[in-house]
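Survey of secondary and tertiary structure
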Amino acid sequence: MLTKFETKSNRVKGLSFHSKRPWILASLHSGVIQLWDYRMGTLIDRFDEHDGPVRGVHFHKSQPLFVSGGDDYKIKVWNYKLHRCLFTLLGHLDYIRTVQFHHEYPWVVSASDDQTIRIWNWQSRTCISVLTGHNHYVMCASFHPKEDLVVSASLDQTVRVWDIGALRKKTVSPADDILRLSQMNTDLFGGVDAVVKYVLEGHDRGVNWAAFHPTLPLIVSGADDRQVKLWRMNDTKAWEVDTLRGHMNNVSCVMFHAKQDIIVSNSEDKSIRVWDATKRTGVQTFRREHDRFWILASHPEMNLLAAGHDSGMIVFKLERERPAFAVSGDSLFYAKDRFLRFYEFSTQRDAQVIPIRRPGSNGLNQGPRTLSYSPTENAVLICSDVEGGSYELYVVPRDSIGRGDSLQEAKRGLGGSAVFIARNRFAVLDKANNQVLVKNLKNEIVKKSGLPIPADAIFYAGTGNLLFRSEDRVVIFDLQQRMILGELQTPFVKYIVWSNDMESVALLSKHTIIITNKKLVHQCTLHETIRVKSGAWDENGVFIYTTLNHIKYCLPNGDSGIIRTLDFPIYITKVSGNTIFCLDRDGKNRAIVIDATEYIFKLSLLRKRFDHVMSMIRNSQLCGQAMIAYLQQKGFPEVALHFVKDEKTRFNLALESGNIQIAVASAKEIDEKDHWYRLGLEALRQGNAGIVEYAYQRTKNFERLSFLYLITGNMDKLTKMLKIAEVKNDVMGQFHNALYLGDIKERVKILENAGHIPLAYITASVHGLEDVAERLSDKLDGNFPTLPNGKEPSLLIPPAPILCGGDWPLLRVMRGMFEGGLDNAGRGVAEEDEEAGDGDWGEELDMVDVDGLQNGDIAEVLEDHEVGEENEEEGGWDLEDLELPPEAETPRASVSARSAVFVAPTPGMPVSQIWIQRSSLAAEHAAAGNFDTAMRLLNRQLGIKNFAPLKSMFLDLHTGSHTYLRAFSSAPVIALAVERGWNESASPNVRGPPALVFDFSLLEDKLKAGYKVTTAGKFTEALRLFLSILHTIPLIVVDSRREVDEVKELIIIVKEYVLGLRMELKRRELKDDLVRQQELAAYFTHCNLQLPHLRLALMNAMTVCYKAKNLSTASYFARRFLETNPSSESQSKTARQVLKAAEANMKDATQLNYDFRNPFVVCGATYVPIYRGQKDVSCPYCTSRFVPDQEGQICSVCDLAVIGADASGLLCSPSQIR
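The paragraphs below set out a description of the structure included in this document. Everything numeric in this text was worked out from a predicted model, so none of it was measured.

Here we take up the overall build of the protein. The number of helices and strands found in the protein is 32 helices and 61 strands. Out of the 1218 residues belonging to the protein, those deemed buried represent 52%. As displayed, the protein has an accessible area near 58300 Å², and 50% of this comes from carbon and sulfur atoms.

Shown next, in the form of structure tokens:
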């Protein structure tokens, strides 16, 4: 049993399939009727009007109706489109068991516990016949699919067949009078429309169900005596043929299968049983744990069954319907009706090859499951589920194709699945031992190979390779080398389809398609809500696949779409051009012609084959919202523009692709305020001031216009705006324009006219307009406003424009692929625009008499407000130039944007990003401002973890690699990158690395200064200088390998000094501990110092030890001092005296942790000697050595890195990377 869909609900008592849609009705014991989509697995609707259990339900064959009958004695007819009950039929006096529509007449038959069967006319909504005769509950009643018969089953232990021929004649309403007369008689004298034709007796208990065979004169019944009986009838009588025994409890429902010779029954013993109708034996049994079965239904057209039980229902198939097939070149081999058949794609010739499968093994699901073909040997492997999985090998004689009569014995064997892996070798899966057996054509084992994972199926994956499937993954395995070539986690894979070149493979699961390359590297995944059925690759590398009701495509990037819908499921065998070859469920070959334009178009876009795209736009009827949305989503609005006729969509696309010219044309057509506003915004973004102005004029947006004239410095038009505001009596507008113009007198006048005398007076007096201020002071009657004390007034006048700004200059950019070439593809742009030149980017904007337009608008305003003559007298502004050009002359966009599609230049990459893209040098990352990556690099290269000492250097590097320009006061500061080694001849497109503030020569100077202060004994200052060198080195960049070595050398030198100085400073802190003082002085002499400093250290150690009576150790230092050939005579003398004193008494007063005979290094943290052979750890940056328990601490010498950390080493030159 192949379960397709399962629900959990109350007990299901009635079921009915829809004849066309994938729907099933389930009526429940709770009184609810559910409408399910079994293909999608969703509940579509529920109908809840019955009171009590609903035992019967049935869909109408063609109308959007269904009927239901329940324990509330009501029959209800529903319209599922309107989601409501249309009417109720009343008449039964007890529970209603079943209801059914007639396939042809407007009748419903119902069976009830009131011992009657009623036939109703649902159009006239009346009962047209009552069939009486049963003397117990009538459990079911149904119409014969073709004849005028009704069969009913009752608990009175009988099955009755009724003849309703008379009722049909009456319904047809004959025309001749004699019949009408006889009909009147029968009506008067109680004529009977339905008569009992046969009473079938044989069951020992009440009969629960009876059903007709769809074509043969057979009836099947099931009863409480646990038996299923088969009856035959002829014109005169009916008799029992056989009894099928096996159920352990009451049989609730039984029926004939529409397509196969089988009977299906279910029972309260929690099982469904399948019986062979010809042999009358049980074929299969399906059981449930806890649920009794109550009802069965079969789909009128498809091979589907449904069964209702105590906790829901199941929709299922008894057998797989997918034909087994294999494609090889131009031919297809497939199994159908016990024959292997051959089909040639090019000639569409279909022929029988050989009979397969011994007769008599025709159980359920015993048919061929997969088929594998070896073209060179003409051999076929057929796998089936017989005996738990077995295969049959046939070698087809070359001449037998088309004759199909040569019977030959197959070589057989057991195995989960079998496929050819080479010309004359095939692999068989041995699930039990989890191994693959490779066999030859004589069916002999040649080789055994264990599997890397527990597999339950194998598929071909190229010569000598196999693809294994397990529950959650697939693996490609090379049988020769016994190695895994690729592995991928997937849902349970059912089928796999290789592309023609074996480079790609599609893995088909129930609801998923995964496309990978030949090594199982994932490329894309598609999810389908409806089951995926089959697929094949076309010659362009597009995967064409089918679901239960669609043919769809999948592009290499994972985009998918529908090619067409299907009326019935098909299995694609091959895709050739525009033809899809497929097998249907009956094993018939079909060729379906499809329209591949959509996916070829998308593929061309994806592969950037723009020449194809152009020709397809010109020649094909590609259109629709989905295509436009796709083009927009993929970043081709300019292409979408050529599909669109709707002005609003054109306008949106034109704005998106920056094509101002088309946007202007569309905005004119639409002429709505919102569109003009958006056009203005886009034109402003592009710096096309003429169009911005035009858009604002069209919407009479005077505030925005004034501001536009202010920022473009167009003072003449600002003055005109002031006049317009005056004419419109817009005081605020007047004041703003006067403010923009810097016209103080006008501002005073406006304030005075508006009645703000104090404000007018202040404005006049502050700006030094004495005469005006005097005139106004009279009006104030001495009531002067007080000005704040000690505050200086500031002047509010915008800077005078040096130039009147026009349109922005445009970059020169390559013409877009779709420019010009598509002009005729879309809606033609106005003819006059075509003459405007040939779209050379960056020309001056070609404006048409903007002044004319401007005045035109003013003229309208003036007419609206009938300006009086006083304007003329003031001599304010002449209005003679109002001879306007016709409306059509609107400003054009710049010539550059005229060509059909504008391709906006893509913004370049910021320099800081270019710097870090190719660099592994921390200094360059810091200069670019990417401190986090700089820190990560230093951590990786030198193990640095403490970045506090480096913070100021990072900031210096970043600031130092940029210079900053101030354009003018209101604009933000512009940062410019400073590049290392820049010169006049450098190419402007090639970016050099950043200029760095830290230089190697700088460190050498610091080193010299450090030596100097060390000699002078300023140890704290010296330590600060040496540490700053150590902290700067990680951020140094040098050019040559030689300099890299010098930098590394410098680290060692400075590290020795830092360690020595730290010990000396520590020694000076210890006033009381004489022993430790001597040790530290002694260790200082073992640091690698310059000779003058070493002499000073030796003198120091000698003095300290001598004073502490450690004469032997002091003499050692004296001897070392003298070996350095000191130039200072006084120091030499002291050393010789110490030696002399020591010779007299070669003893040490105290024992020191110091053995000069044994070579050692000093621990940088604890300042104790680490003798040769003892374990130590080192700092990955400054290489100082430490005792092992210091591992993981911050190095106390350089104060940067973590002791013992893994690091790749100092990287300070591009030459190291090359």
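Within the open sheet, the four strands sit side by side as β49-β50-β51-β52. Their pairing is antiparallel. Single-partner strands in this sheet number two, and they are β49 (532-537) and β52 (560-565). Across the sheet, the axes of successive neighbouring strands diverge by a mean angle of 25 degrees, strand direction being ignored. Alignment of strand β51 (residues 550-554) against β52, held across five bridges, turns out to be antiparallel. Residue pairing for β52: Lys 552 is matched across the bridge by Ile 562. Packed onto the sheet, helix α3 (residues 597-606) meets β50 (543-547), β51 and β52 and runs at close to 10 degrees relative to β51.

Before going further, it helps to examine the packing of helix α11 (residues 702-712) against helix α12 (residues 715-727). The N-to-C vectors of α11 and α12 enclose an angle of 155 degrees; their axes lie 9 Å apart at closest approach. On the basis of the axis angle, α11 is roughly antiparallel to α12. In the packing of α11 onto α12, the handedness of the crossing is left-handed. Here α11 contributes Phe 702, Leu 705, Ser 706, Tyr 709 and Leu 710 to the contact with α12, which in turn contributes Lys 717, Leu 718, Met 721 and Ile 724. Class assignment of the residues belonging to the contact of α11 with α12 gives a composition of seven nonpolar, one polar and one charged.

This paragraph deals with the side chain of Arg 322. By the element assignment, Arg 322 lies in the loop between β28 (312-317) and β29 (325-328). For the buried Arg 322, which has no salt bridge, the nearest side chain bearing the opposite charge is Glu 321, at an N-O separation of 11 Å. Ignoring any residue separated from it by four or fewer positions in sequence, one finds Arg 322 in contact with Tyr 495, Lys 533, Ser 534 and Tyr 571.

In the structure shown here, the tally under the stated rule is 44 salt bridges. Here Lys 76 and Glu 49 are joined by a salt bridge, their closest N and O atoms 3.6 Å apart. Residue Lys 76 is found in strand β8 (residues 74-79), and its partner Glu 49 is found in the loop between β5 (42-47) and β6 (54-59); the two are separated by 27 residues along the sequence. Where Asp 291 meets Arg 288, a salt bridge forms, and the shortest distance between an N and an O atom there is 3.0 Å. Judged by its relative accessible area of 11%, Asp 291 falls in the buried class. Through salt bridges that share partners, Glu 6, Lys 8, Arg 288 and Asp 291 make up one connected network.

As a further point, take the packing of aromatic side chains. Summed over all chains, the structure comprises 35 aromatic pairs. Taking 5.5 Å as the distance between ring centres and 55 degrees as the angle between the ring planes, the aromatic pair formed by Tyr 1116 and Phe 1117 counts as tilted. With respect to burial, Tyr 1116 and Phe 1117 carry one shared label: buried. Chaining the aromatic ring pairs together yields one cluster made of Tyr 1083, Tyr 1116, Phe 1117, Tyr 1154, Phe 1156, Phe 1160 and Tyr 1171.

Strand order across the open sheet formed by four strands is β45-β46-β47-β48, with antiparallel pairing between neighbours. With one partner strand each, in any of the chains shown, β45 (493-498) and β48 (522-527) form the two edges of the open sheet. Neighbour to neighbour, the strand axes of the sheet diverge by 20 degrees on average, direction disregarded. In this sheet, strand β46 (residues 504-509) lies alongside β45 in antiparallel orientation, the contact comprising five bridges. Across the sheet, the residue bridging to Trp 498 is Val 505, located in β46.

For Ala 1207, the position within the fold is in the loop between β61 (1185-1186) and α32 (1214-1217). We classify Ala 1207 as partly exposed; its relative accessible area is 35%. Considering only alpha carbons, one finds Ala 1207 and Leu 942, 265 residues apart in sequence, at a separation of 5.2 Å. Setting aside chain neighbours within four positions, we find Ala 1207 in contact with Arg 940, Gln 941, Leu 942, Gly 943 and Pro 1180.

With that out of the way, let us pick up the nonpolar core. Judged by nonpolar contacts, the single largest core of 91 residues is most densely connected at Leu 938, Phe 1026, Ile 1033, Phe 1117, Tyr 1181, Cys 1182 and Cys 1198. The leading source of residues in this core is helix α27 (residues 1041-1069), at ten residues. Excluding anything up to four places from it in sequence, Phe 1117 contacts Ala 1082, Thr 1085, Leu 1098, Ala 1101, Met 1102, Cys 1105 and Tyr 1154. Of all hydrophobic cores here, the second largest spans 64 residues; its members include Leu 653, Val 692, Tyr 709 and Ala 738.

A grouping of Glu 770, Asp 771, Glu 774, Asp 778 and Asp 781 is seen on the molecular surface, where their side chains present a negatively charged patch. Judged by its relative accessible area of 57%, Asp 771 is exposed.

Turning our eyes to something else, we now look at the state of the cysteines. Under the counting rule described, the total for this entry stands at zero disulfides. Distance from the sulfur of Cys 1163, which forms no disulfide, to the nearest cysteine sulfur (Cys 1195) is 9.7 Å. Given a relative accessible area of 0%, Cys 1163 falls into the buried group.

Calculation notes
Residues numbered from 1 in each chain as written. Predicted model: local features only at pLDDT ≥ 70, side-chain atom pairs only at ≥ 80, totals over all residues. Heavy atoms only, no water. Helix = DSSP H or I, 4+ residues; strand = E, 2+ residues; numbered from the N terminus. Buried < 20%, exposed > 50% of the residue type's maximum accessible area, 1.4 Å probe, protein only. Areas by Shrake-Rupley, 256 points an atom, 1.4 Å probe, with all protein chains shown as cover. Pairing = 2+ DSSP bridges. Axes fitted to C-alpha atoms, helices over the stretch in contact; angles between N-to-C directions. Contact = heavy atoms within 4.5 Å. Parallel < 35°, antiparallel > 145°, perpendicular 65-115°, else oblique. Left-handed = near helix turned anticlockwise from the far one by under 90°. Nonpolar A, V, L, I, M, F, W, Y, C, P; charged D, E, K, R; others polar. Lys, Arg positive; Asp, Glu negative; His and termini not counted. Salt bridge = Lys/Arg side-chain N within 4 Å of Asp/Glu carboxyl O. Phe/Tyr/Trp six-rings, centres within 6.5 Å; stacked < 30°, edge-to-face > 60°. Core = buried A, V, L, I, M, F, W, Y, C linked by side-chain atoms within 4.5 Å. Patch = residues over 30% accessible without salt bridge, like charges linked within 9 Å, V, L, I, M, F, W, Y side chains within 5 Å. Charge placed at Lys NZ, Arg CZ, Asp CG, Glu CD. Disulfide = S-S within 2.5 Å.

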